[in-house]
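# Inside the fold
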Amino acid sequence: MELTLSALASQLGLALQGSDRIFSGLNTLEAATESEISFLSNPKYVQHLASSKACAVIVSQEFAPQVAGSALISDNPYRDFARAAAFFAHKHGEETAVNPLSVIHPTAQLGKNVVVYPHAFIGPRACVGNNCIIFPGAYIGEDCSLGDNCIIYPNAVIMAGVTLGKDCILHPGAVLGADGFGFVRVAGQVQKIPQIGTVVLADGVDVGANSCIDRSTLGATRIGKDTKIDNLVQIGHNVEVGEHCFLISQVGIAGSTKTGNRVTLAGQAGIAGHLHIGDDVTVGPQAGVAKDIPAGTSGSGSPFMEGRTFMRNAVVLPKLADMYRRLQLLEKELASLKTALSNNVETS
Amino acid sequence: MELTLSALASQLGLALQGSDRIFSGLNTLEAATESEISFLSNPKYVQHLASSKACAVIVSQEFAPQVAGSALISDNPYRDFARAAAFFAHKHGEETAVNPLSVIHPTAQLGKNVVVYPHAFIGPRACVGNNCIIFPGAYIGEDCSLGDNCIIYPNAVIMAGVTLGKDCILHPGAVLGADGFGFVRVAGQVQKIPQIGTVVLADGVDVGANSCIDRSTLGATRIGKDTKIDNLVQIGHNVEVGEHCFLISQVGIAGSTKTGNRVTLAGQAGIAGHLHIGDDVTVGPQAGVAKDIPAGTSGSGSPFMEGRTFMRNAVVLPKLADMYRRLQLLEKELASLKTALSNNVETS
Amino acid sequence: MELTLSALASQLGLALQGSDRIFSGLNTLEAATESEISFLSNPKYVQHLASSKACAVIVSQEFAPQVAGSALISDNPYRDFARAAAFFAHKHGEETAVNPLSVIHPTAQLGKNVVVYPHAFIGPRACVGNNCIIFPGAYIGEDCSLGDNCIIYPNAVIMAGVTLGKDCILHPGAVLGADGFGFVRVAGQVQKIPQIGTVVLADGVDVGANSCIDRSTLGATRIGKDTKIDNLVQIGHNVEVGEHCFLISQVGIAGSTKTGNRVTLAGQAGIAGHLHIGDDVTVGPQAGVAKDIPAGTSGSGSPFMEGRTFMRNAVVLPKLADMYRRLQLLEKELASLKTALSNNVETS
């Protein structure tokens, strides 16, 4: 596909500085050719502006003078890059109908324009909304319900009775509704707690590749509207995640914890069970959260600390052994001083 | 399904306090309706007792007076909730036979009442015990052996030659017997160490969704009886886990480490290779274990510390930057004092 | 299969000390029978030499006198064990052709001697090189390209347009080319950044079970030649990993980070986004890397510290609460001393 810079500028409501040209794609500043455009969002890469071969760069007014080619002036280059990229994005897969090599239970109900690939499985009484796409190896258990426009990528698994809103995406290998980890040790035996609840995703939830959201013991494990979950994330049973949250890769949330809206949990962070994380909280990478966090807090560390405390501690932590040495020295010096003074007193 | 409170009390050997009623399910204290029962195990939720609509609550004698409806008195409400829930649990899936859309090698042997879903694969000479259920997309490699009553959920993978005892459950996407991570750098090249061992699960082992247990280099990676493994857990080659252990989500155990029985590893904990973890050890979340741990130890942290040391340190850690400032101040004050005293001495 | 010790010694260029015998396998020192050989690489296990029933042990000259049976003298026992094991290794699976129960798009191209199992899916215009083996449930999206001799184990997923060099292995459940985690919050809404890039694996790359390598926003996420990735690893979009790297289980690398060659990231380590990790860097387990690391550095910790600093700190860390107590005591003592001296001065 080809577009002119002026057409793109017009579509996105951006000002074009420099000559108009035809382009056919987007790329990074370093890799772009003359027929591609690029963008600058992270100032870390500003040194690439001058040398980039891109025929145009989506950029803030501040950095526009440094662009070698044309500039598309944006007050949010990352957002406008996203909008430009949408013209060149294409969806995965090319199947257009229900393939006869899929297995669909006679009691399952499919909406209009549903695509089902070979080797997908749709169980008894499952309801699949309009325009859903079910890839090979996907499993949709009995009594599941999928809203319109959901995409279930290859080998994703939805166990019995789970509900998805509309516009949800399960990336490959994601698992919804496996039994929560509920066991009790009784008289030297391990007894399983039946997990008779379910999982409910609101509209617009994405679940990353190989991420797991367990069914609740009772009631439902819930993920709020437009919350986006990265790869290899674990959500325990009875967890409730709010709306517009970002859960980055390898995050784990233990059972029964509830989060507010617009929460961001960075990569590998772990949240203990039975906690409450307020609205607009940001938790740093690898943080270990063992207590409730009030709304609006940003922080990190294990134990979790408010942001400024964490930053100051992170600077000091590498000095810990040195601190210990200095502490020992102080103790010795103070002891010597006291001895000396005591001798003085005695001898005076 | 409907039950009376008195029937349930009789079945579980509990005392019923309050009026008898019919109920049809279980739910949390907050979500239960008048036709459901609930339970109180974690005292954190005691404030919900008074307002719960549940027609009865399984509860310890201590909290029974605070229950709004009827009470079922238990000395272990979590255990008795589990027993009550068992009446309402239903197993996943509804297939009842070997589906012709599965692929079963002619040399494989299936026991009685085995269920095999479409798109499952059972390889040469594999033996599948009585009453096993093999879900869609499950892969059972050549020469595998499954004891009676195993459940292999969708897209779980068992590579060649792996052995499962009876009553084992593989949750969706679990992988047993992939090659262990064995490589050696030789003269600038990376050489693979063939992984010619296997994996052996004893009876009653559960493996969580998308968890991985690698085949050993030699001999077998072994998981003991009734050990329960949560989602996204990694067990390296040649590891041996004891009986009745709980390995919580995202735990990793590096190669050749051995654990005793009744060990609990909390979420995201990591255990280095070639270690020995004693019986009845409890390792806290995100702990990093680099040394052997004697039997009976509870602790956490990275490096791993015994519980009381860990707790005291966790309290002090957020004060670290403050400690540094105070240490610098002490150094200055002591230096000033010494200078002053030295001047005094000189001038006296 | 049976071999004589002398034949093995001759094949591997090792000296045989002790009597020649026939053996039929390899095992650990502890588990080996008289018809198996073993090896000693980790000195931790040297005490097993005397009691091992192995008919021979591959061992360094230093430890050879302690071997009970025969010894095969090696300057690198682990490497030579690997070479010996190769005689006894057998590849997974027994299918030998393209199974008619697979689904292969008519526009896909398969090389010579390709094996495709039942329930595998190969999409439009995909190219699969000679001798590739595609296991059940594997998904190869449209426009993918696989070099010769690749093995795609059960339920591994390769999304559209991804390229693999030759001799690559995807272990079960690995996912290549799922959409990178790109979202931007705009005016209270969450907007997806289209991920229009791809993933490129060079020759000889292994990707562990259930590991994920995301497609880039633009350009390609790249993994260098002979780099080996363990299970449950997350590689974010636009990451570039060098050659001959080892990424151990549960490692996470955030978006746009680049690593040099021969980098080792130990288990559960996390690397933030947009960083540069130099050649020959070794990062310890659970380390949290938030800054660039110069070539040749070894270290660990969160924040990441150079190795000696990390080791010294790790020793001191368990003393932190004690340090705090001692610091408080010093403050009190110094204050007392100052008061006493000040009183002395006042009263003198």
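Look up a bit, the structure's there.
Figured I'd write up the structure that's included with this text.

Rules used throughout
Just so you know, the residues in each chain are numbered from 1, in the order the chain's sequence is written. Lettering for chains starts from A, numbering for ligands starts from 1, and both go in the order in which the items are written. In view of the model being predicted, local features appear only for residues whose pLDDT reaches at least 70, and side-chain atom pairs are presented and counted only at 80 or more, with totals across whole chains, interfaces and linings using the full set of residues. Think of the side-chain values as coming from all heavy atoms in the structure, minus any hydrogens and water. For helices the rule is a DSSP run of H or I covering at least 4 residues; for strands it is a run of E covering at least 2, with both sets numbered from the N terminus onward. Radius of gyration: over C-alpha atoms. The globule rule applied is 2.2 Å multiplied by the number of residues raised to the 0.38 power. In this scheme, a residue with accessible area under 20% of its type's maximum is buried, one over 50% is exposed, and one in between is partly exposed, where area comes from a 1.4 Å probe on protein chains only. Residue contacts follow a heavy-atom distance rule, with two residues in contact if any of their heavy atoms lie within 4.5 Å. Here Asp and Glu are counted as negative and Lys and Arg as positive; His is not counted, and neither are the chain ends. A charge is said to be at NZ when it belongs to Lys, at CZ for Arg, at CG for Asp and at CD for Glu. Each reported salt bridge corresponds to a side-chain nitrogen of Lys or Arg within 4 Å of a carboxyl oxygen of Asp or Glu. Geometry of aromatic contacts follows a simple scheme: Phe, Tyr and Trp rings, the Trp one being its six-membered ring, pair when their centres are within 6.5 Å, and the pair is stacked under 30 degrees between planes, edge-to-face over 60, tilted otherwise. Side-chain atoms alone can form a polar contact between residues adjacent in sequence; in general such a contact is a pair of N or O atoms within 3.5 Å, and within protein one must be able to donate a hydrogen while the other accepts it. We define buried area as the total accessible area lost by two parts upon association, computed with a 1.4 Å probe and summed across both. Gly falls in the polar group here, along with every residue not listed as nonpolar (Ala, Val, Leu, Ile, Met, Phe, Trp, Tyr, Cys, Pro) or charged (Asp, Glu, Lys, Arg). For the least-squares superposition of copies, only C-alpha atoms count, and only for residues with pLDDT at least 70 in both. Method remark: on a 1 Å grid restricted to protein atoms, a set of points is classed as a cavity if a 1.4 Å probe fits but cannot get out and as a pocket if it is open with protein on both sides within 12 Å along at least five of seven lines; lining residues have an atom within 4 Å of a point. Grid points are joined across faces, edges and corners, and a volume is the space filled by probe spheres set on the points. We call two strands paired when DSSP finds no fewer than two bridges between them. As used here, the term nonpolar core means buried Ala, Val, Leu, Ile, Met, Phe, Trp, Tyr and Cys residues forming a set that is joined through side-chain atoms within 4.5 Å. To obtain an axis, a line is fitted to C-alpha atoms, over the contacting stretch when the element is a helix, and the angle between two such axes runs from 0 to 180 degrees between their N-to-C directions. If you view the pair so one helix is near and one far, a crossing is left-handed when the near helix is turned anticlockwise from the far one by less than a right angle, and right-handed when it is turned clockwise.

## Some thoughts on the overall build of chain A
For chain A, the helix and strand inventory stands at four helices and 39 strands. Taking 20 Å as the expected radius of gyration for a compact globule of 348 residues, we find that chain A reaches 28 Å, considerably beyond that expectation. Projected onto the principal axes, the alpha-carbon positions of chain A cover approximately 105 × 75 × 30 Å. For chain A, the residues scored as buried account for 59% of the 348 residues in total. Long-range pairs, those at least 24 residues apart, make up 17% of the contacts in chain A with a sequence separation of at least 6. Separation of charge centres in chain A, based on 25 positive and 30 negative side chains, amounts to 6 Å.

## Thoughts on the pattern of salt bridges
Note that side chains of opposite charge can pair when their charged atoms are close. All names here are of chain A. This structure, assessed with the given rule, holds 45 salt bridges over all chains. Residues Lys192 and Asp179 are paired through a salt bridge, measuring 3.0 Å at the closest nitrogen-oxygen approach. Of this pair, Lys192 sits in strand E22 (residues 189-192) while Asp179 sits in strand E20 (residues 175-179), and the two are 13 residues apart along the sequence. The partly exposed category is assigned to Lys192, whose relative accessible area is 29%. In the salt-bridge network here, residues are joined through shared partners; they are Asp75, Arg79, Asp80 and Arg83.

## Structural notes on the packing of aromatic side chains
One pass over the structure, following the stated rule, counts 33 aromatic pairs over all chains. Ring centres of Tyr117(B) and Phe135(B) lie 4.5 Å apart, and the angle between their planes is 15°; on these two criteria the pair is classed as stacked. One end of the pair, Tyr117(B), is in the loop between strand E10 (115-116) and strand E11 (121-122); the other, Phe135(B), is in the loop between strand E13 (133-134) and strand E14 (139-140), and 18 residues separate them in sequence. For Tyr117(B), a relative accessible area of 2% translates into the label buried. Arranged with centres 5.1 Å apart and planes meeting at 10°, the rings of Phe121(C) and Tyr139(C) form a pair that is stacked. With a gap of 18 residues between them, Phe121(C) in strand E11 (residues 121-122) and Tyr139(C) in strand E14 (residues 139-140) connect regions that are remote in the sequence.

## Some words on the side chain of Ser102(C)
Residue and element names in this part refer to chain C. Structurally, Ser102 can be placed in the loop between helix H2 (77-86) and strand E8 (103-104). A polar contact of 2.6 Å, which involves the side chain of Ser102, links it to the backbone oxygen of Asn99. Setting aside chain neighbours within four positions, we find Ser102 in contact with Val116, Tyr117, Pro118, His119 and Ala120.

## Looking at the interface of chain A and chain B
The interface of chain A with chain B comprises 76 residues on the first partner and 71 residues on the second. Contact between chain A and chain B buries roughly 5,700 Å² in total, counting both sides, with carbon and sulfur atoms accounting for 65%. The interface formed by chain A and chain B includes four salt bridges. Among the ionic pairs, Lys338(B) bridges to Glu333(A), the shortest N-O distance being 3.5 Å. Joining chain A to chain B, the criterion identifies 26 residue pairs in polar contact (both at pLDDT 80 or more). Of all the elements in the fold, those that place two or more residues in the side of chain A that touches chain B are E20, strand E21 (183-186), E22, strand E25 (212-215), helix H3 (307-316) and helix H4 (320-347) of chain A. Residues of the side of chain A that touches chain B, tallied by class, amount to 39 nonpolar, 25 polar and 12 charged.

## Here we look at the interface of chain C and chain A
Counting residues at the interface gives 76 residues for chain C, matched by 70 residues for chain A. For the chain C and chain A pair, buried surface summed over both sides reaches about 5,600 Å², with 65% attributable to carbon and sulfur atoms. Counting the contacts that link chain C with chain A gives four salt bridges. A salt bridge links Glu331(A) to Arg326(C); its shortest N-O distance comes to 2.7 Å.

## Brief notes about the relation of the copies chain A and chain B
Overlaying chain A with chain B gives an RMSD of 0.1 Å, the required rotation being 120° about an axis along which the chain moves by 0.0 Å. Both chain copies can therefore be described as sitting about a three-fold axis.

## Considerations on the side chain of Asn155(A)
Positionally, Asn155(A) belongs in the loop between strand E16 (151-152) and strand E17 (157-158). Classification of Asn155(A) by relative accessible area gives buried; the value is 5%. Separated by 3.1 Å, the side chain of Asn155(A) and the backbone oxygen of Gly137(C) make a polar contact. In this structure Asn155(A) touches Pro136(A), Gly137(A), Ala138(A), Gly173(A), Ala174(A), Asn155(B), Gly137(C), Asn155(C), Ala156(C) and Val157(C), once residues within four positions along its chain are discounted.

## Quick look at the layout of surface pockets
Residues and elements named next belong to chain A. Size it by volume and the second largest pocket reaches roughly 710 Å³. Tallying contributions element by element places E22 first for the lining of the second largest pocket, with three residues. The residue inventory of the lining of the second largest pocket, partitioned by class, reads 15 nonpolar, 11 polar and 13 charged.

## Considering the environment of Leu265(C)
Residue and element names in this part refer to chain C. Along the chain, the position of Leu265 falls in strand E33 (residues 264-265). In this structure Leu265 comes out as buried when scored by relative accessible area, which is 0%. Sequence separation between Leu265 and Phe310 is 45 residues; the distance between their C-alpha atoms is 16 Å. Among residues more than four places away in sequence, those in contact with Leu265 are Phe246, Leu247, Ile248, Val251, Ile253, Ile271 and Val283.

## What about the pairing of strand E5 (residues 36-39) of chain B?
All names here are of chain B. Here E5 shows two buried faces, one formed by Glu36 and Ser38 and the other by Ile37 and Phe39. The sheet contact formed by strand E4 (residues 25-26) and E5 spans two bridges and is parallel. Along E5, the bridge assignment pairs Gly25 with Glu36. In the sheet, E5 pairs with strand E6 (residues 56-59) via three bridges, with the strands oriented parallel. Bridge pairing in E6 places Ser38 opposite Val57.

## Points about the nonpolar core
Counting residues in each nonpolar core, the largest one holds 51 residues, and the members touching the most others are Phe135(A), Phe135(B) and Phe135(C). Counting residues per element, the ones that place at least two in this core are E20 of chain A, strand E20 (175-179) of chain B together with strand E20 (175-179) of chain C. In contact with Phe135(A), not counting residues within four places along its chain, are His92(A), Gly93(A), Tyr117(A), Ala120(A), Ile151(A), Ile152(A), Tyr153(A), Pro154(A) and Tyr139(C).

## Description of helix H2 (residues 77-85) of chain A
A large share of H2(A) lies buried, amounting to seven of its nine residues. Taken together, the buried positions of H2(A) are occupied by Pro77(A), Arg79(A), Asp80(A), Phe81(A), Ala82(A), Ala84(A) and Ala85(A). Elements in contact with the buried residues of H2(A): helix H1 (5-12), strand E4 (25-26), strand E5 (36-39) and strand E6 (56-59) of chain A together with strand E21 (183-186) and strand E22 (189-192) of chain C.

## Topic: the packing of helix H1 (residues 5-12) of chain B against helix H2 (residues 77-86) of chain B
Residues and elements named next belong to chain B. Direction vectors running N to C along H1 and H2 enclose 115°, while the axes themselves pass 11 Å from each other. In terms of crossing hand, the pair formed by H1 and H2 is right-handed. Counted together, Leu8, Gln11 and Leu12 of H1 and Asp80, Arg83 and Ala84 of H2 form the full contact between these two elements. Here the residues of the contact of H1 with H2 sort into three nonpolar, one polar and two charged.

Any functional reading would require information that these geometric values do not contain.
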